[in-house]
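Architecture and fold: a report
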Amino acid sequence: LDNIKSTIEIYISKELERINLSKIDIINLDNFYTIIGILLDNIIEELKEQEEKLVSINVYMEGNTTNIELANTYKNYIDINKINMYGYTTKGKEHGVGLYIVNKIIKNNKIFELNTKVDNQFFVQHLKIHHPKRHLK
């Protein structure tokens, strides 16, 4: 992330040792990688435009659900009601497809859930992965 000021906070719960990703079918695993890749790419793109950069990643278990909360500072106005629409972007041309793809994956696959909000100076994406019990050790 550019050279000015950047802070990245990462918290990963020890409970995550209970997840056995090798038991998740390849399509869901591929979808997970696509979702995470798009969300992280969006964070990086957003932070390129800022002087003070802050990213918080919080990963934890709640019952049979893995929670991944990604929060980052943002500069431009974000219309939460439009972010999943094809072509909506705060970044200019050749953007506006990533969250549309994420939304399509989530609509077609019920193990994933994504909640998005703007909280003070942070854009927050909360991805939930609902695991059948057989995916846990």
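As a starting point, this report considers the structure included with it.

Pairs of packed helices are described in terms of their axes, by the angle between the two and the distance that separates them. For the pair helix H1 (residues 26-47) and helix H2 (residues 98-107), the least separation of the axes is 10 Å and the interaxial angle reads 150 degrees. The orientation of H1 with respect to H2, classified from their angle, is roughly antiparallel. At the point where H1 passes H2, the crossing takes the left-handed sense. Within the contact between the two elements, H1 uses Asn31, Thr34, Ile35, Ile38, Leu39 and Asn42 and H2 uses Gly98, Leu99, Ile101, Val102, Ile105 and Ile106. Taken together, the residues of the contact of H1 with H2 break down into 8 nonpolar, 4 polar and no charged.

Our next topic: a nonpolar patch on the surface. The grouping of Ile8, Ile10 and Ile12 at the surface amounts to a nonpolar patch, some 320 Å² of accessible area in total. Residue position: Ile8 is located in strand S1 (residues 5-12).

Thresholds, definitions, all that
Residues numbered from 1 in each chain as written. Predicted model: local features only at pLDDT ≥ 70, side-chain atom pairs only at ≥ 80, totals over all residues. Heavy atoms only, no water. Axes fitted to C-alpha atoms, helices over the stretch in contact; angles between N-to-C directions. Helix = DSSP H or I, 4+ residues; strand = E, 2+ residues; numbered from the N terminus. Parallel < 35°, antiparallel > 145°, perpendicular 65-115°, else oblique. Left-handed = near helix turned anticlockwise from the far one by under 90°. Contact = heavy atoms within 4.5 Å. Nonpolar A, V, L, I, M, F, W, Y, C, P; charged D, E, K, R; others polar. Patch = residues over 30% accessible without salt bridge, like charges linked within 9 Å, V, L, I, M, F, W, Y side chains within 5 Å. Areas by Shrake-Rupley, 256 points an atom, 1.4 Å probe, with all protein chains shown as cover. Salt bridge = Lys/Arg side-chain N within 4 Å of Asp/Glu carboxyl O.

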